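For reference, the chains in residue letters:
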Amino acid sequence: MTDTSSTVYVLNGPNLNLLGLREPDIYGSDTLDDIAGMLEDRAREHGLTIDMRQTNHEGMLVDWLHEAMAESARAVLLNAGAYTHTSIALLDAIRSITVPVIEVHLSDPKTREAFRHLSYVGMAAAKTVEGHGAKSYLIALDAVASREV
Ligand code: DQA
């Protein structure tokens, strides 16, 4: 698969549509739209384009990962929410595609409840950025722009 596309898929999983309202002490007050705006500005600086999406459905994330390869996306930033810790289907999907995937989390799951310490996404991801709030997404995008992945 070529690496010529400038489109970075930003895929968000369950409950992330409620960012801003949802447990702001953990996830901050930025909404997903706020994060999309920040990413669009940063992407423009890098000559990249982002395609930002959110779903509460596991299979939709699998379909979008496949689509990212079919569309020769440059990379995928994936915040799979709780599916991070449960989904072998996502692990397999990431292993099935040639597009690099960066695992993204607002919080640092490794410092939270024990059930968040296992990451199936992280087993296959090229890189993980976590614990920086909304900035985690920007750090991940910068890593794509600098060809770290
Ligand atoms: C999260 C961390 C997950 O453990 C949690 O289930 C989420 C959000 C984060 O961005 O910090 O939904 O992915």
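Scroll up for the structure.
Residues numbered from 1 in each chain as written. Predicted model: local features only at pLDDT ≥ 70, side-chain atom pairs only at ≥ 80, totals over all residues. Heavy atoms only, no water.

Caption draft 1: Here's a closer look at the overall build of the protein chain. Broken down by element type, the protein chain carries 6 helices and 5 strands. When the helices and strands of the protein chain are listed from N to C terminus, the series reads β-α-α-β-α-β-α-β-α-β-α. Taken over C-alpha atoms, the radius of gyration comes to 14 Å for the protein chain, in line with the 15 Å a tight globule of 149 residues would show. Across the 149 residues in the protein chain, those meeting the buried criterion constitute 47%. Long-range contacts, defined as pairs at least 24 residues apart, comprise 76% of the intrachain contacts of the protein chain with a sequence gap of at least 6. Surface accessibility of the protein chain: about 6,900 Å² in total, with carbon and sulfur atoms responsible for 50%. Put simply, the protein chain has 12 plus and 21 minus side-chain charges, and the middle of one group is 4 Å from the middle of the other. (Helix = DSSP H or I, 4+ residues; strand = E, 2+ residues; numbered from the N terminus. Rg over C-alpha atoms; globule rule 2.2 N^0.38 Å. Buried < 20%, exposed > 50% of the residue type's maximum accessible area, 1.4 Å probe, protein only. Contact = heavy atoms within 4.5 Å. Areas by Shrake-Rupley, 256 points an atom, 1.4 Å probe, with all protein chains shown as cover. Lys, Arg positive; Asp, Glu negative; His and termini not counted. Charge placed at Lys NZ, Arg CZ, Asp CG, Glu CD.)

Caption draft 2: Geometry of the nonpolar core. If you look at the biggest cluster of nonpolar residues, it comprises 25 residues, and the most contacted ones within it are Leu-39, Leu-77, Ile-102, Tyr-137, Leu-141 and Val-144. Broken down by secondary-structure element, the contributors of at least two residues to this core are β1 (7–12), α2 (32–46), β3 (75–79), β4 (101–105) and α6 (135–145). Aside from chain neighbours lying at most four places away, what touches Leu-39 is Val-10, Ile-50, Met-52, Tyr-137, Leu-138 and Leu-141. Ranked by size, the runner-up nonpolar core spans 19 residues in total, among them Tyr-9, Leu-61, Leu-78 and Ala-93. (Core = buried A, V, L, I, M, F, W, Y, C linked by side-chain atoms within 4.5 Å.)

Caption draft 3: Looking closely at helix α3 (residues 58–70). If you check α3, its first and last C-alpha atoms are 19 Å apart, about what 13 residues at 1.5 Å a residue would give, namely 18 Å. Leu-61, Val-62, Trp-64, Leu-65 and Ala-68 are the residues of α3 that are buried. Along the axis of α3, the buried positions cluster into a sector of 165°, meaning they face one direction only. Tucked inside the fold, the buried residues of α3 contact β1, β2 (49–54), β3, α4 (88–96) and β4. (Expected span 1.5 Å × (residues − 1). Arc of directions from axis to C-beta.)

Caption draft 4: The site of the ligand, seen in detail. Near the ligand, the surroundings consist of Arg-22, Tyr-27, Asn-79, Gly-81, Ala-82, His-85, His-105, Leu-106, Ser-107 and Arg-116. The contact in question runs from an oxygen atom of the ligand to an N or O atom on the side chain of Ser-107, over 2.6 Å. Out of a free accessible area of 320 Å², the ligand has 99% covered by protein chains. The site holding the ligand turns out to be the largest pocket. Tallied by class, the residues present in the shell around the ligand amount to 3 nonpolar, 5 polar and 2 charged. (Near = heavy atom within 4 Å. Polar contact = N/O pair within 3.5 Å; in protein donor to acceptor, adjacent residues only side chain to side chain. 1 Å grid on protein atoms, 1.4 Å probe; cavity = no way out; pocket = protein on both sides within 12 Å on 5 of 7 lines; lining within 4 Å. Sits in = over half its atoms within 2 Å of the grid points. Nonpolar A, V, L, I, M, F, W, Y, C, P; charged D, E, K, R; others polar.)

Caption draft 5: Region of interest: the pairing of β3. Taking burial as the measure, the 5 residues of β3 include 5 buried ones, the bulk of the element. Sheet analysis places β1 next to β3, joined by 5 bridges and oriented parallel. Bridge pairing in β3 places Val-10 opposite Leu-77. Two strands pair when backbone bridges link them, and β3 and β4 are joined in this way by 3 bridges, in the parallel orientation. Its bridge partner lying in β4, Val-76 is registered against Val-101. Of the crossover connections in this fold, the one passing from β3 over α4 to the parallel β4 is right-handed. (Pairing = 2+ DSSP bridges. Right-handed = clockwise from strand over helix to strand, strands pointing away.)

Caption draft 6: The arrangement of the layout of surface pockets in detail. Empty space within the largest pocket amounts to approximately 150 Å³. Its residues assigned to classes, the lining of the largest pocket shows 6 nonpolar, 6 polar and 3 charged. (Points joined across faces, edges and corners; volume = space filled by probe spheres on them.)

Caption draft 7: Spotlight on the side chain of Glu-103. As for its placement among the helices and strands, Glu-103 is situated in strand β4. One buried charged residue, Glu-103, forms no salt bridge at all, with the nearest opposite charge on Lys-110 at 5.3 Å. A distance of 2.5 Å separates polar atoms of two side chains, one belonging to Glu-103 and the other to Thr-128. (Salt bridge = Lys/Arg side-chain N within 4 Å of Asp/Glu carboxyl O.)

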